[in-house]
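Overview (structure and organization)
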Amino acid sequence: MIRRCKNAGVRIVAGGPLFTTEYESYSEVDYLVLNEAEITLPRFLEDFGKGDAGHFYTTDQWADIRKTPLPLWGLVNMKYYASINIQYSRGCPFNCEFCDITLLCGRTPRTKDKDQIISEIESVYTAGFKGQVFFVDDNFIGNKKKLKEEVLPAIIEWMEKRKHPFTFNTQVSIELSDHKDLMEMMVSAGFDVVFVGIETPHEQSLIECNKFQNKNRDLLASVRKIQKSGLEVQGGFIVGFDSDPLTIFDTQIRFIQTSGVVTAMVGILIALPGTQLYERLRKEQRLLKETSGNNTDFATNFIPRMDYDVLVNGYRKVLSTLYSPRHYYERVRTFLREYIPPRKKLFHFRFNYIAAFIRSIIVLGIIGKERFHYWRLLFWTIFSRPRLFPQAITLAIYGFHFRKIFEKQGRIYSKDTLFNSLF
């Protein structure tokens with residue numbers, strides 16, 4: 001993109017996480033506006049308006065996100081979006097070795113006020129959107145007291161007033177499972193999905209990466225507590241830690257299957273620039289190249305302790321197993337058995353849902369190799385968990401998507417391609 005813009009004589013302004021941590025790699029960018037835009041973007045715009053813009057704008061301060069303006073939703077066509085993003089907080093109180101969140105946003109969660117959150121939700125509603133709203137927080141429950149006393153009660157009241165036009169999802173840490181009252185309030189507010197960084201069931205690997213909030217607990221029991229509260233758990237998992245034994249691939253498969261984490265984002269460990277992991281590996285002279293930031297492309301950017309071919313082939317085995325029709329549909333049923341939907345769970349019917357259902361029958365139930373598992377899930381849900389029938393169809397469609405992505409990636413990143421890209 002940079003090359004194309006330069007060839008066209010177009011000036012380039014770049015910012016965000018990629019450029020904040022790797023600006024040295026992008027010398028052709030005309031204006032680097034780094035860190036949080038609430039601070040650096042106004043400075044750039046003022047200088048640019050005067051015809052005196054510099055090349056580099058940065059800050060060592062954290063933004064007051066209570067001053068973040070409302071998005072101009074009129075600039076986008078809502079019908080093209082399955083989900084709309086808003087944000088309540090930035091920063092995470094934890095300090096995982098591989099994560100760049102604390103580097104970019106700090107360890108002290110900064111939050112918006114309840115009135116600001118309600119204004120943002122109202123602005124999405126006024127723009128005509130109904131459906132899923134994603135709170136893109138680093139850790140939504142970083143400030144539990146404010147959530148329980150101010151923000152969630154305000155959202156609950158607004159949702160009742162507007163007759164529940166949205167469902168919410170967000171990212172949380174595993175200790176949400178320790179707070180029954182917080183889970184109940186989130187469900188009452190309309191949350192139905194949470195993404196949790198589980199990473200690994202191997203205790204030594206958790207210690208290695210400073211994931212202390214996950215150690216000394218029954219991770220499986222924690223996941224089930226969240227599911228039984230009315231929240232679907234989507235999980236992040238990693239292989240390639242120095243402490244991982246050769247059995248880690250089978251261990252990950254067993255855990256994910258047993259837990260009923262249907263959407264399991266499994267990646268190979270990568271070292272993001274500026275993180276503690278990156279600095280440790282640099283000192284150990286184990287870094288190989290910079291990373292694309294994609295930890296699901298069958299590659300890593302450092303020399304692992306485990307034999308490289310064993311790691312990549314083990315990772316391939318994890319994905320091919322998890323997203324094979326038999327294992328995937330088994331996991332869906334496990335989740336639907338464990339999941340207890342809220343009593344007032346609302347379903348907003350849309351005509352395009354009928355089209356999606358018909359297409360799923362054709363693509364998955366007639367043409368697809370998963371057709372036996374598809375029909376088995378549908379009939380099992382109708383007779384065992386009829387209230388969850390729409391969710392069963394949705395997850396079946398997700399599975400088809402995940403499988404296609406894996407198959408595509410697997411074709412692109414052959415063993416020889418991987419070896420050449422690293423060495």
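Look up: the structure comes first, before these words.
In this text, all values refer to a predicted model and were calculated from it rather than measured experimentally.

For the chain, the helix and strand inventory stands at 17 helices and 11 strands. Considering only C-alpha atoms, the chain reaches an extent of 70 × 55 × 45 Å along its principal axes. Put simply, the chain has 423 residues, and 49% of those count as buried. In the chain, of all internal contacts separated by at least 6 residues, the share reaching a separation of at least 24 is 71%. Counting only carbon and sulfur atoms, one obtains 55% of the accessible surface of the chain, whose full area is about 21,200 Å². Distance from the positive charge centre (57 side chains) to the negative charge centre (47 side chains) of the chain: 8 Å.

Moving on, we come to the state of the cysteines. Using the criterion set out here, one finds 0 disulfides in the structure. Between cysteine 99, a free cysteine, and cysteine 96, which holds the nearest cysteine sulfur, the sulfur-to-sulfur gap is 6.1 Å. With no disulfide of its own, cysteine 105 lies 9.2 Å from the sulfur of cysteine 99, the closest cysteine sulfur. Taking the relative accessible area as the measure of exposure, cysteine 105 reaches 13% and is therefore buried.

Running from N to C, helix H5 (residues 114–126) and helix H6 (residues 144–161) cross one another at 30 degrees; their axes reach a closest spacing of 9 Å. Of the two elements, H5 crosses H6, and the hand of that crossing is right-handed. Packed against H5, whose contacting residues are Lys114, Ile117, Ile118, Ile121, Glu122 and Tyr125, the element H6 presents Glu150, Val151, Ala154, Ile155 and Trp158 at the interface. In terms of residue class, the contact of H5 with H6 is made up of 8 nonpolar, no polar and 3 charged.

Now for the pairing of strand E8 (residues 166–172). Of all 7 residues in E8, 5 are buried, a share of seventy percent or more. Note: strand E7 (residues 131–135) against E8, 5 bridges, orientation parallel. The residue of E8 that forms the bridge with glutamine 132 is threonine 167. In this view, the connection linking E7 to its parallel neighbour E8 by way of H6 has right-handed handedness.

Next up on the list: the nonpolar core. Phe135, Phe140, Leu152, Ile155 and Met186 are the most contacted members of the largest nonpolar core, which has 80 residues in total. At 7 residues, H6 tops the list of elements feeding residues into this core. Counting residues in each nonpolar core, the second largest holds 11 residues, with Cys209, Ile238, Leu269 and Leu281 among its members.

Moving on, we come to the side chain of threonine 170. Its place among the elements puts threonine 170 in strand E8. A polar side-chain atom of threonine 170 sits 2.9 Å from the main-chain carbonyl oxygen of phenylalanine 135. Those residues in contact with threonine 170 that sit more than four places away from it in its chain are Phe134, Phe135, Asp137, Phe140, Met186, Phe191, Val193, Val194 and Phe195.

Moving on, we come to a nonpolar patch on the surface. Side chains of Ile354, Ile358, Ile362, Val363, Ile366 and Ile367 sit close together on the surface and give an oily, nonpolar patch of about 530 Å² of accessible area. Relative to the assigned elements, isoleucine 366 resides in helix H14 (residues 351–367).

Mapped onto the secondary structure, proline 69 falls in the loop between strand E3 (56–57) and strand E4 (83–86). Along the sequence, proline 69 and asparagine 143 sit 74 residues apart, while their C-alpha atoms lie 22 Å from each other.

In space, the 3 strands of this open sheet follow the order E1-E2-E3, with parallel pairing throughout. On the outer flanks of this sheet lie strand E1 (13–14) and E3, each paired with one strand and no other. Across 2 bridges, the pairing between E1 and strand E2 (residues 31–33) is parallel. Each residue of the ladder has a partner; that of valine 13, found in E2, is tyrosine 31. Contacts from helix H3 (residues 37–49) reach E1, E2 and E3 within the one sheet, and its direction differs from that of E2 by about 150 degrees.

A positive phi angle, close to 60 degrees, is found at lysine 163, a residue other than glycine. Position of lysine 163 relative to the elements: it lies in the loop between H6 and E8. Located in the positive-phi region is asparagine 216, a residue other than glycine, with phi close to 55 degrees. Of the residues examined, asparagine 216 reaches a relative accessible area of 64% and is grouped as exposed.

Rules behind the numbers
- Residues numbered from 1 in each chain as written.
- Predicted model: local features only at pLDDT ≥ 70, side-chain atom pairs only at ≥ 80, totals over all residues.
- Heavy atoms only, no water.
- Helix = DSSP H or I, 4+ residues; strand = E, 2+ residues; numbered from the N terminus.
- Buried < 20%, exposed > 50% of the residue type's maximum accessible area, 1.4 Å probe, protein only.
- Contact = heavy atoms within 4.5 Å.
- Areas by Shrake-Rupley, 256 points an atom, 1.4 Å probe, with all protein chains shown as cover.
- Lys, Arg positive; Asp, Glu negative; His and termini not counted.
- Charge placed at Lys NZ, Arg CZ, Asp CG, Glu CD.
- Disulfide = S-S within 2.5 Å.
- Axes fitted to C-alpha atoms, helices over the stretch in contact; angles between N-to-C directions.
- Left-handed = near helix turned anticlockwise from the far one by under 90°.
- Nonpolar A, V, L, I, M, F, W, Y, C, P; charged D, E, K, R; others polar.
- Pairing = 2+ DSSP bridges.
- Right-handed = clockwise from strand over helix to strand, strands pointing away.
- Core = buried A, V, L, I, M, F, W, Y, C linked by side-chain atoms within 4.5 Å.
- Polar contact = N/O pair within 3.5 Å; in protein donor to acceptor, adjacent residues only side chain to side chain.
- Patch = residues over 30% accessible without salt bridge, like charges linked within 9 Å, V, L, I, M, F, W, Y side chains within 5 Å.
- Salt bridge = Lys/Arg side-chain N within 4 Å of Asp/Glu carboxyl O.

It is worth stressing that arrangement in space is one thing and function is another; only the former is reported here.
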